[in-house]
Amino acid sequence: VLLATPSGEPLFSTATPFGSLPPKVSEPGSIAEVARVRAPVVGPLTRGPLGNFGIPVRVPVESDGELRYVLSAVVRPEAILRVVSEQRVPGDWIVSVFDSNNSRIARSRDHQRFLGTPPSPSLQELMASLGARSEAVGASSTVEGTPVYTALARVSSAQWVVALGV
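Rules of the game
Residues numbered from 1 in each chain as written. Predicted model: local features only at pLDDT ≥ 70, side-chain atom pairs only at ≥ 80, totals over all residues. Heavy atoms only, no water. Helix = DSSP H or I, 4+ residues; strand = E, 2+ residues; numbered from the N terminus. Buried < 20%, exposed > 50% of the residue type's maximum accessible area, 1.4 Å probe, protein only. Areas by Shrake-Rupley, 256 points an atom, 1.4 Å probe, with all protein chains shown as cover. Lys, Arg positive; Asp, Glu negative; His and termini not counted. Charge placed at Lys NZ, Arg CZ, Asp CG, Glu CD. Phe/Tyr/Trp six-rings, centres within 6.5 Å; stacked < 30°, edge-to-face > 60°. Lys NZ or Arg CZ within 6 Å of the ring centre and 35° of its normal. 1 Å grid on protein atoms, 1.4 Å probe; cavity = no way out; pocket = protein on both sides within 12 Å on 5 of 7 lines; lining within 4 Å. Points joined across faces, edges and corners; volume = space filled by probe spheres on them. Nonpolar A, V, L, I, M, F, W, Y, C, P; charged D, E, K, R; others polar. Pairing = 2+ DSSP bridges. Axes fitted to C-alpha atoms, helices over the stretch in contact; angles between N-to-C directions. Contact = heavy atoms within 4.5 Å.

Caption draft 1: Main features of the overall build of the protein chain. Within the protein chain, the regular secondary structure consists of 4 helices and 11 strands. Oriented by its inertia axes, the alpha-carbon framework of the protein chain measures out at about 55 × 35 × 25 Å. Expressed as a percentage of the 166 residues in the protein chain, the buried residues total 37%. Counting every atom, the protein chain has about 9,300 Å² of accessible surface; 56% of that belongs to carbon and sulfur. Taking the 15 positively charged and 14 negatively charged side chains of the protein chain as two groups, their mean positions are separated by 3 Å.

Caption draft 2: View of the packing of aromatic side chains. Taken as a whole and assessed by the stated rule, the structure comprises 1 aromatic pair. Its end group placed over the ring of phenylalanine 53, arginine 47 keeps NZ or CZ at 4.0 Å from the ring centre. The side chain of arginine 107 reaches across the aromatic face of phenylalanine 114, ending 4.4 Å from its centre.

Caption draft 3: Expanded view of the layout of surface pockets. Estimates place the volume of the largest pocket at around 480 Å³. Lining the largest pocket are 25 residues, and of these Ala15, Ser26, Gly48, Pro49 and Val74 sit closest to its centre. Ranked by the residues each element gives to the lining of the largest pocket, the list is headed by strand E5 (residues 53-63), at 5 residues. Its residues assigned to classes, the lining of the largest pocket shows 12 nonpolar, 8 polar and 5 charged. Taken as a whole, the second largest pocket holds about 160 Å³ of empty space. Along the walls of the second largest pocket sit Ile80, Val83, Val84, Gln87, Val89, Val95, Val97, Trp160, Val162 and Leu164, which together make up its complete lining.

Caption draft 4: The sheet that holds strand E9 (residues 135-141), seen in detail. Spatial ordering of the open sheet is given by E8-E7-E11-E10-E9, a layout of 5 strands whose pairing is antiparallel. Each having just a single partner strand, strand E8 (104-107) and E9 make up the two edges of the open sheet. With strand direction ignored, the average angle separating the axes of adjacent strands in the sheet is 25 degrees. The pairing of E9 with strand E10 (residues 147-155) spans 7 bridges and is antiparallel. Residue pairing for E10: alanine 136 is matched across the bridge by leucine 152. On top of the sheet, helix H2 (residues 77-85) reaches strand E7 (94-98), E8 and strand E11 (160-165); it is set at about 40 degrees to E8, its chief contact.

In structure tokens form, the structure reads like this:
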């Protein structure tokens, strides 16, 4: 958990001993977005100061109508992977979750190997075809080159895309 000013200056972090300087904000863009929209924001997959991947979830802290702070919690990609794994899709199907930068947050197969990687070129094309729509279907290939029929769904609150390849 991190408490920062709206300009991104860290004030407190549970990742460091009390009284020591907190680490620099790893992904300041989503803090700036919170300051702009004054609403919660889910940032993209980012490596933190210790080199671990995380997804920042940021919320504004206001007092008397003024934005005073931005409070952040970091969600580990493994938490998203647990949700994917609980869906119990057949073994020959594949599920991937991508963030707003098209970085892979979770994958039902070889998660660690592909964490943080982009979609295959054909899946990138299909994702680009979403446009303003929230769903799409079409042919693509996995990163291993396996042809699949893919269904896409955009999670609008975070601008994530969930891809299911069959």
